[in-house]
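# Chains, contacts and geometry: an overview
Spelled out from the first residue to the last, the chains are:
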Amino acid sequence: MRTTDASAWGLAARPIAGGVQIGLHVPDRDLTVALDLTCEEARAYARAILAAAGDATERTFPHLQIPEA
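Below, the structure is looked at part by part. Computed from a predicted structure; not experimentally measured.

Bringing the overall build of the protein chain into the picture now. The helix and strand tally for the protein chain stands at one helix and three strands. Secondary structure elements in the protein chain, listed N-terminal to C-terminal, are β-β-β-α. Counting the 69 residues in the protein chain, one finds 13% classified as buried. Accessible surface computed for the protein chain: about 6000 Å², of which carbon and sulfur atoms make up 58%.

Written out as structure tokens, the structure is:
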């Protein structure tokens, strides 16, 4: 996994026999994790990451108040 920012998290995927290996690197915690997943597990993991990103976006950005006409 390579990033242009040394403090940035890294996420990579590579095919393996029977599925995919997901690699996650968190430099601030000096943590690297590799998950060997089946294709079905990898799809579920991807859906969970997308859901978490959407939830974080909803919690982070203020909701605009639209005035009533």
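Where strands meet in a sheet, backbone hydrogen bonds hold them as pairs that are either parallel or antiparallel. In spatial order, the strands read β1-β2-β3; together these three strands make up an open sheet with antiparallel pairing. The open sheet has two free edges, formed respectively by β1 (10-16) and β3 (31-38), since each of these has just one partner strand. For this sheet the average axis-to-axis angle between neighbouring strands, irrespective of direction, equals 15°. With eight bridges joining them, strand β2 (residues 19-26) and β3 adopt antiparallel strand pairing. Residue pairing for β3: V26 is matched across the bridge by L31. In this fold helix α1 (residues 39-60) packs onto β2 and β3, with an angle of close to 125° to the strand it touches most, β3.

Inspection of the sheet shows β1 paired to β2 by seven bridges, in the antiparallel sense. Bridged to P15 within β2 is V20. Counted between consecutive antiparallel strands, the loop separating β1 from β2 contains two residues, among which G18 sits at a positive phi close to 85°.

In this structure, D30 is a non-glycine residue whose phi angle is positive, near 50°. Tracing the chain through its elements places D30 in the loop between β2 and β3. For D30, a relative accessible area of 70% gives the class exposed.

Turning to its location among the elements, E41 is positioned in helix α1. A C-alpha to C-alpha distance of 8.6 Å links E41 and G19, two positions 22 residues apart in sequence. Of note is the side chain of E41, whose polar atom sits 2.8 Å from the backbone nitrogen of T38.

Relative to the helices and strands, Q21 resides in strand β2. Q21 sits in the buried class, given a relative accessible area of 19%. Engagement of the side chain of Q21 in a polar contact is seen with the side chain of D36, the distance being 2.9 Å. Look past the residues within four positions of Q21 in its chain and what remains in contact with it is A12, A13, R14, I16, A34, L35 and D36.

Cut-offs used in this document
Residues numbered from 1 in each chain as written. Predicted model: local features only at pLDDT ≥ 70, side-chain atom pairs only at ≥ 80, totals over all residues. Heavy atoms only, no water. Helix = DSSP H or I, 4+ residues; strand = E, 2+ residues; numbered from the N terminus. Buried < 20%, exposed > 50% of the residue type's maximum accessible area, 1.4 Å probe, protein only. Areas by Shrake-Rupley, 256 points an atom, 1.4 Å probe, with all protein chains shown as cover. Pairing = 2+ DSSP bridges. Axes fitted to C-alpha atoms, helices over the stretch in contact; angles between N-to-C directions. Contact = heavy atoms within 4.5 Å. Polar contact = N/O pair within 3.5 Å; in protein donor to acceptor, adjacent residues only side chain to side chain.

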